[in-house]
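Structure at a glance
The chain contents come next:
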Amino acid sequence: DRAEFRFNAVVMRARFDETRSETDGRLLAKQLIEAEQEYMSSKHEDPKIFKNDPGGICFRRSAQIHDWMFDTYHPWERAQLRDFFETRQELKEQYDEYFE
């Protein structure tokens, strides 16, 4: 399968190089549409999607929230979440003491 893939890649590259100097936008748009149709007709009807790839069941499931983002909160937002920010400030101080 790898040899077949490489052969098809070389053929595709040769087709691309043939039209590299083309300047007519209508012809290029037509070729693009034909290439997309060829791709869609040769695409597998049920492609294998790994769980962490885009479209997989685990892709972007747990968002990473960076701690520095809380430093950008407006004082009014901090007042609404006073308990959270007080606890966070204590933890930041303990963190600094631990690593000094």
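Anyway, here's the lowdown on the structure attached to this text. The structure presented is a predicted model; accordingly, all values stated were derived computationally and were not measured. (Residues numbered from 1 in each chain as written. Predicted model: local features only at pLDDT ≥ 70, side-chain atom pairs only at ≥ 80, totals over all residues. Heavy atoms only, no water.)

Points about the overall build of the chain
- Check the secondary structure of the chain and you find four helices and zero strands.
- Ordered by position in the sequence, the α and β elements of the chain form the string α-α-α-α.
- Here the C-alpha atoms of the chain give a radius of gyration of 27 Å, more than 25% beyond the 13 Å that 2.2 N^0.38 yields for 100 residues.
- Along the longest, intermediate and shortest principal axes, the C-alpha atoms of the chain span 65 × 35 × 30 Å.
- With the model as given, the accessible surface of the chain reaches about 10,000 Å², and the carbon-plus-sulfur share is 55%.
- The positive charge centre, built from 16 side chains, and the negative charge centre, built from 22, are 6 Å apart in the chain. (Helix = DSSP H or I, 4+ residues; strand = E, 2+ residues; numbered from the N terminus. Rg over C-alpha atoms; globule rule 2.2 N^0.38 Å. Areas by Shrake-Rupley, 256 points an atom, 1.4 Å probe, with all protein chains shown as cover. Lys, Arg positive; Asp, Glu negative; His and termini not counted. Charge placed at Lys NZ, Arg CZ, Asp CG, Glu CD.)

With respect to the environment of F59
- Relative to the assigned elements, F59 resides in the loop between α2 (25-42) and α3 (75-80).
- Sequence separation of F59 and H74 is 15 residues, and the distance between their C-alpha atoms is 31 Å.
- Sequence-distant contacts of F59, that is, excluding residues within four places in its chain, are made with K51, N52, D53 and P54. (Contact = heavy atoms within 4.5 Å.)

Topic: the pattern of salt bridges
- Scanning all chains against the criterion turns up eight salt bridges.
- R15 serves as the salt-bridge partner of E38, at 3.0 Å between the closest nitrogen and oxygen. Here R15 lies in helix α1 (residues 2-18) and E38 lies in helix α2, a separation of 23 residues in the sequence.
- The class for R15 is partly exposed, based on a relative accessible area of 41%.
- Taken together, the shared-partner salt bridges in this structure form one network comprising D67, D71, R88 and K92. (Salt bridge = Lys/Arg side-chain N within 4 Å of Asp/Glu carboxyl O. Buried < 20%, exposed > 50% of the residue type's maximum accessible area, 1.4 Å probe, protein only.)

Details of unusual backbone geometry
- A positive phi angle is found at R60, which is not glycine, with a value near 55 degrees.
- Tracing the backbone through its elements, the reader meets R60 in the loop between α2 and α3.
- With relative accessibility at 71%, the residue R60 sits in the exposed group.

Some remarks on the layout of surface pockets
- Counted as a void, the largest pocket has a volume near 720 Å³.
- Lining the largest pocket are 18 residues, and of these V11, M12, R15, A35 and E38 sit closest to its centre.
- Secondary structure elements with two or more residues in the lining of the largest pocket: α1 and α2.
- Here the residues of the lining of the largest pocket are counted per class, giving nine nonpolar, four polar and five charged. (1 Å grid on protein atoms, 1.4 Å probe; cavity = no way out; pocket = protein on both sides within 12 Å on 5 of 7 lines; lining within 4 Å. Points joined across faces, edges and corners; volume = space filled by probe spheres on them. Nonpolar A, V, L, I, M, F, W, Y, C, P; charged D, E, K, R; others polar.)

Structural notes on a negative patch on the surface
- On the surface, a cluster of negative charge is contributed by D83, E86, E90, E93, D96, E97 and E100.
- In this structure, E100 sits in the segment after α4 (82-98). (Patch = residues over 30% accessible without salt bridge, like charges linked within 9 Å, V, L, I, M, F, W, Y side chains within 5 Å.)

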